[in-house]
Amino acid sequence: MSRGTRERAVAPEAEFRSYYGRPVIKRPIWHVPHMPVYLYLGGLSGASSLTAIMAGLTGRPHLARTARIAAAAGAALGTGFLVAELGRPMRFLNMLRVFKPTSPMSVGSWILAAQGGLSAVAAASAVTGILPAAGDAAALATGVTGPLTATYTAVLVADTAVPAWHEGYRELPFLFAGSALASAGAVGMLAAPRTEAGPARAVALIGAAVETAAASALEHRLGLVGEPYRQGRAGRLLRAARALTVGGGLLTLLAGRSRVATVASGLSLTAGALCTRFGVLEAGRASAADPKFTVVPQRERLDSGAPAPSSGR
Amino acid sequence: MAECHPVGFQWVVEARYRGAKVFHIDPRFTRTSALADRYVPIRVGSDIVLLGALINHVLENELDFREYVLAYTNASMIVSEEYRDTEDLDGLFSGFDPETRTYDPATWSYEGAPEEAAAGERAEQMDHGREHADMGGPDQYGAGGASANPRPMKDPTLRHPRCVYQILRRHFARYTPELVAELCGISPEDFAELAETVTTNSGRERTTMWVYSVGWTQHTVGAQYIRAASILQLLLGNIGRPGGGILALRGHASIQGSTDIPTLFNILPGYLPMPHAHQHETLDDYLARAGGDTGFWGRKRSYMVSLLKAWWGDAATEDNDFRFDHLPRLTGDHGHYSTVMGQIDGTVKGYFVVGENPAVGSAGGRAQRLGLANLEWLVVRDLTLVETATFWKDGPELETGEMRTEDIGTEVFFVPAASHVEKDGTFTNTQRLLQWREKALDPPGDCRSDLWFFYHLGKLLKERITSGEIDRPLRELTWDYPEEGVHGDPSASAVLREIGGVGPDGRALSDYTELKPDGSTQCGCWIYCGVYADEVNQAARRRPGREQSPEAPEWGWAWPANRRILYNRASADPEGRPWSERKAYIYWDEKKGEWTGPDVPDFEKTKPPGYRPPEGALAEAALSGTDPFIMQADGKGWLYAPAGLVDGPLPAHYEPFESPVRNPLYAQQDNPARRIYPRPESPYNPVGAPRFPYVLTTYRLTEHHTAGGMSRPLAYLAELQPELFCEVSPTLAAELGLANGDWATIVTSRTAIEARVLVTERVRPLRIQGRTVHQIGLPYHWGWGSGGLVTGDIANDLMPLALDPNVYIQESKATTCDVRPGRRPRGRDLLALIEEYRHG
Amino acid sequence: MAERMGFFTDTSICIGCKACEVACKEWNQLPDDGFVFEATSYDNTAALGASTWRHVAFIEQQPVWMPDGDPMSHGGPVPHSGPMSHGGPMPDGGSMPHGGESVFEVGRDGRWLMSSDVCKHCTNAGCLDVCPTGAIFRTEFGTVVVQPDICNGCGYCVPACPFGVIDRREGDGRAWKCTMCYDRLRGGLEPACAKACPTDSIQFGPLDELRERAAARVDTLHAAGHTEARLYGESPGDGVGGMGAFFLLLDEPEVYGLPPDPVVPTRDLPAMWGWAGAAIATMAAAVAASFLGGRSR
Ligand SMILES: Nc1nc2c(c(=O)[nH]1)N[C@H]1C(S)=C(S)[C@@H](COP(=O)(O)OP(=O)(O)OC[C@H]3O[C@@H](n4cnc5c(=O)[nH]c(N)nc54)[C@H](O)[C@@H]3O)O[C@H]1N2
Ligand SMILES: Nc1nc2c(c(=O)[nH]1)N[C@H]1C(S)=C(S)[C@@H](COP(=O)(O)OP(=O)(O)OC[C@H]3O[C@@H](n4cnc5c(=O)[nH]c(N)nc54)[C@H](O)[C@@H]3O)O[C@H]1N2
Ligand code: SF4
Ligand code: SF4
Ligand code: SF4
Ligand code: SF4
Ligand code: SF4
Ligand SMILES: [Mo]
């Protein structure tokens, strides 16, 4: 709520009307850095799970191990950030009392719980060597939960009234998927021995490309509602994200044998992925704070004689 | 009305639903305007011009309800040859004494009135000096007003140059639509629409009502505003009829009750005048003046004797004038502002403040606090520690250094009071409806009801008094209410029963006509007589509206005699037939030989329309069957008031005491009889002074209550309007550089205060006499204390001490000021700023 | 389930007294919401929130006068986002001499719109849909209620409401909003706000009945020339499947701070999962390709 902020002499730039320039919807109350970091970690965990499976299947044990650890750490740390966001651990467990298909957060909680458990088993087995069969089975199972963990968050943010998120429900999963791949690839590149890191680099490169393409689609395909992705804090963050991701990608291509360049590219991709997540949160906040993004598209819809139909439930 | 009487306003909304057309005349566009059909902006203090122009419009176009006017008003009566109008004397009526600034109303009377002698006598008594001259108004007569000749000379053709009708025509001739535009700032189109609507909505088939509150009263000519509306309504036949009337929206809950059973210094219960120390020696002397001998005031002896019997019981007998001597006496104006001057002068040494917060709510806040600081003792009974109780330790004068706590000798007693939900009793509302309320919960801690306080204070005093003669009034006072509960609360219903009156058999009376002059009945307030009829608390009746007629006679109890519309005999024509089917209300049933209808007739039930009083008849018998205004000595509605007002028999436009413009009508700028206190404590803004170019008005917000003691401490209310603000038009804001939400300082000769700026087009600049006049609005609910949840400067510190001379209400609706951007200076710098302004 | 109950708020007879706001706070014992002078007409409440479940909006509108003295045409969107822009046709389209030289500087009747906003108790409620704990449920009266003892403060409902109604309370961490006085309804009482409303601007009753009443009221207003009167949220065909609390407005919804064409976010949920699936497939393909296709390197 914009208590205390006093709108004076509102500049008449966009053709729309509002109530003292106040937001129509509430801005998402999720905190920085908890929420974006959680989004990043979930992506890292999910994509790492896939990497771990493929590395295992293609006989890259070091990479597989690294990726399993990354998947487990990402899920565990992510859960930590989620709990921090909620305030108390009990509140996370609370969500596991019900399963609600209409709530991406409920679905996501189960996904996260499964991913957390499975990836932990997979990683533990890989690290300790105990129960390898169970570890492999768990790792295989993360082949389902991992990508879900990486992308359900896109559904989570899109399933809100926040214009920049909701209208981006097509692009956001790709953005998050790409970003997750780039994150996981980067970690793989950094942690796995050079001999096994090739596919990780490829994952990172494809991820960076998908991430960049999705971000660009978000910025340009959404029309007015894409504005928050281009302007202000979110715009800066996403521009930084793009620079870091593209730069990191290029560096990955060029790094060759240079350890320094590899580290730099991995870090750059990681930073890019983080910036993307922060940028997405900021864009959501900005689009919620300015009534323009709520009112104008809806007004256009009405004026064009095609109001939103009921979901018919 | 929506702002201050939101619950009552639902009926206006309902009326609009049903097709009524609502005009709102106000200097500001308010929540009321938002729901009105037409909003008419007006410059504050100019309503007599508007009303006068409406009267003129009616008279010049002969749109008056002639049958009604002829039969029920004094239009045809001939006025004394000596009478001179404002039109003759450039703004003065005849009889003005410039030295005392008072009128001798002798020349205003009807031609050949036998009262001339009485009036002459009164003039003589006024020679005792100014204070006695003050007593020419309601102080002298109570609500009964002066007795006027009940049968003066008349000209039913209304052509006699000195008949009231012709006097009116001449008097109001110059109140034209052009003048309305020039002085009120109302366009001729708006005026035409208003005039058209009001007149076409009056007559046999339709009625118009005027609703007002303190926007019309808080002026040096406040009483005359209401007079002007009365004249218009009488001319249009809108009094005593359903859907008609001039409806005063009263203030505090039961402020109506507190004038019926008065907290005012100059009247006794039921609007009997207070006896005067020098004029009224005996009961007979007193009664000779307390209202007319004809009409229902003719029964004043019964009212008074019953009151004395209620108070002094067995000690009051025929032989001792029913202990009339036990009543305190007036020696002059003991109104609030004069009393404050007495405090400053040291003649008033002790003070009870019960349910009032004058340090914030009364005009000229600084004078109020100077007075309080000069007392020996002060008792404050309130719900919270209001500013009036704490001024000595945190008042604004401490900040400026004008006062120091250690210098203030006032001993302050704060006695916590129970709120209305914590005690039984009645509220009398705007409609004269008494409604009984049960206690909802016990008061907290030491809080007690005011009834408890005064009852036990009385008991303690009675214990301490001597057997000497001086203490006899108190000793003989009946003071014997049944006590209830752990704290010994006197029974409120027993008090109500005493007010309602009992007969010789000790049974509750049912009607004031049962009151006797011989001491066999007792009644604490004659107009409330019958509220305990049949030993039933009639005020406690709550039959739902849907279970009874629209008049809802079984919901509560309306004084007098449970009548819902006063003077309702006027709802029928002289023959007793309804004026129209649509507006039928009270009418004569020839067969039964009585008045009938959905309400209680405000007329003797069996007095036929054809009744003509015999020579020498008294009281109601002196009124004919066609005299609906039964409280008037002549039974007529007074278009022209031959007596009873101290500032003229007709309303005339005078500028507010502090005005930015000259009165273009007369040489007389302001009300010649207005009461002011030209003293260093209350300097005035000179008329038209360029340093005070703006018009300032104060008012209320729905979210707060009056001086704020009941709303500022409540978070749910305080958060809705957390800060004092001033409303200014965008034009003025641009001119002065005031930004919405920022601060402004408002300055008068009294002081400067700061307020947040609310720029709004709801306040409009008006063109008055060819120049733009900006109006500034200021709610007055803030102070520094009362719990301190929200605080703000006191609007009343800006206000002048200029009063209406009839009722001593302060002119807090219209004054002048300056406005500057930014916050006000603090401490001594504030005094320096004011000094600058005072000396121009 | 009992009959679906709801509110019809007829803003054309709201007098802005805020009795509804106070009655709600009083009945539900809500904390105060701060003491801030907002300088936005008489509205210092600003918005609905965790501690404010009724909010009365105040919109001042004046005719805008063009230099040539003709009132500006009022059709279509007005190029101001500020509150003082004039909205919609005047109730009576009165014409006036313009400012400047004439006697009167401003046109006569402006409008001061007042409207008491509240949770819409949507047929398809975003808040309810997304709540992961089941704290928000639909009652036997068809209303949407948060159970504070179950709410875990995840905050998801907050951005999921297309009306910006529900909010998390600082220091308490849980989400709060109007319950349509669930406790009172169960006790056979009408909600506190409706009870307190002096002009019956807030009408409470069976939703079907209210819809009929509202339609009749609009007809009456239209017949009286108030063609700007319209209903908002009464249609079961709208983006939230119809609102349990709907309104009669005298201007566009956005002027009152309401979304003009709200949609429950979960309407698109299946599509969202579809796109997520596509993204998952892309991920899988990308990883597979990286490991399998990159053999040459
Ligand atoms: N919420 C709330 N209700 C209240 C009160 C409260 O404090 N708060 N107080 C109660 C009390 S004690 C009283 S006396 C009543 C008062 O009730 P009102 O008389 O309605 O109260 P005000 O707001 O003081 O003044 C009414 C209007 O008079 C306008 N006005 C000022 N000067 C003039 C003028 O010269 N001519 C005309 N035509 N209008 C003018 C003002 O702009 C204002 O809008 O309200 C009672 N009800
Ligand atoms: N500038 C300006 N000044 C004005 C006005 C204006 O319009 N403009 N209006 C004037 C008018 S109409 C009025 S009525 C006055 C009001 O002015 P005041 O009467 O001075 O102010 P209130 O705040 O109404 O004071 C009433 C006090 O009674 C207390 N109280 C409530 N119930 C009880 C009870 O049962 N027993 C006792 N003992 N105390 C109780 C309340 O807490 C409150 O502090 O202000 C006047 N002053
Ligand atoms: S406060 Fe009481 S008297 Fe005043 S409007 Fe409300 S209900 Fe009526
Ligand atoms: S208005 Fe918002 S809070 Fe209320 S039911 Fe609909 S979605 Fe939920
Ligand atoms: S904050 Fe509470 S009510 Fe809202 S979605 Fe989370 S658990 Fe449900
Ligand atoms: S229904 Fe009850 S909870 Fe909802 S706004 Fe009204 S009073 Fe408040
Ligand atoms: S809805 Fe009713 S209670 Fe609320 S502000 Fe409007 S009139 Fe007052
Ligand atoms: Mo008052």
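Residues numbered from 1 in each chain as written. Chains lettered and ligands numbered in written order. Predicted model: local features only at pLDDT ≥ 70, side-chain atom pairs only at ≥ 80, totals over all residues. Heavy atoms only, no water.

Visitor: Tell me what's going on with the interface of chain C and chain A, and back it up with residues and numbers.
Guide: Taken together, the contact pairs 100 residues of chain C with 86 residues of chain A. Along the contact surface separating chain C from chain A lie 7 salt bridges. In this structure, the salt-bridge partner of Arg22(A) is Asp43(C), at a minimum N-O distance of 3.8 Å. In this structure, the connection of chain C to chain A is made through 24 residue pairs in polar contact (both at pLDDT 80 or more). Those elements that place two or more of their residues in the side of chain C that touches chain A are strand S2 (55-61), helix H2 (126-130), helix H3 (157-160), strand S6 (167-168) and helix H7 (269-292) of chain C. Broken down by element, the residue count for the side of chain C that touches chain A peaks at 18 residues, all from H7(C). (Contact = heavy atoms within 4.5 Å. Salt bridge = Lys/Arg side-chain N within 4 Å of Asp/Glu carboxyl O. Polar contact = N/O pair within 3.5 Å; in protein donor to acceptor, adjacent residues only side chain to side chain. Helix = DSSP H or I, 4+ residues; strand = E, 2+ residues; numbered from the N terminus.)

Visitor: Residues and numbers for the interface of chain B and chain C, please.
Guide: Between chain B and chain C, the residue contacts involve 54 residues of the former and 47 residues of the latter. Among the residues of chain B in contact with chain C, Tyr716(B), Glu719(B) and Glu761(B) are the three that bury the most area, contributing 18% of the side total. At the surface where chain B touches chain C, the tally comes to 3 salt bridges. Between Arg762(B) and Glu60(C) there is a salt bridge; the shortest N-O distance is 2.7 Å. On the surface where chain B and chain C come into contact, there are 14 residue pairs in polar contact (both at pLDDT 80 or more). Those elements that provide at least two residues to the side of chain B that touches chain C are helix H1 (6-17), helix H2 (31-34), strand S2 (38-41), helix H10 (188-200), helix H24 (715-718), strand S21 (725-728) and strand S23 (752-759) of chain B. The element that contributes the greatest number of residues to the side of chain B that touches chain C is H1(B), accounting for 6 residues. Residues belonging to the side of chain B that touches chain C are distributed by class as follows: 27 nonpolar, 11 polar and 16 charged. (Buried area = accessible area lost by both parts, 1.4 Å probe. Nonpolar A, V, L, I, M, F, W, Y, C, P; charged D, E, K, R; others polar.)

Visitor: Give me the domain arrangement of chain C: which residues, what numbers.
Guide: For chain C, the assigned domains are domain 1 (5-60 + 113-256) and domain 2 (268-297). In this structure, domain 1 of chain C and domain 2 of chain C have C-alpha centres spaced 44 Å apart. (Domains from an automatic or database assignment.)

Visitor: Summarise the packing of aromatic side chains; cite the residues concerned and give the values.
Guide: Residue and element names in this part refer to chain B. One pass over the structure, following the stated rule, counts 54 aromatic pairs over all chains. Pairing Phe29 with Tyr39 gives two aromatic rings, centres 5.1 Å apart and planes at 75°, and the pair type is edge-to-face. With Phe29 in the loop between strand S1 (23-26) and H2 and Tyr39 in strand S2, the pair connects residues that are 10 residues apart, well separated along the chain. For Phe29, a relative accessible area of 2% corresponds to the buried category. (Phe/Tyr/Trp six-rings, centres within 6.5 Å; stacked < 30°, edge-to-face > 60°. Buried < 20%, exposed > 50% of the residue type's maximum accessible area, 1.4 Å probe, protein only.)

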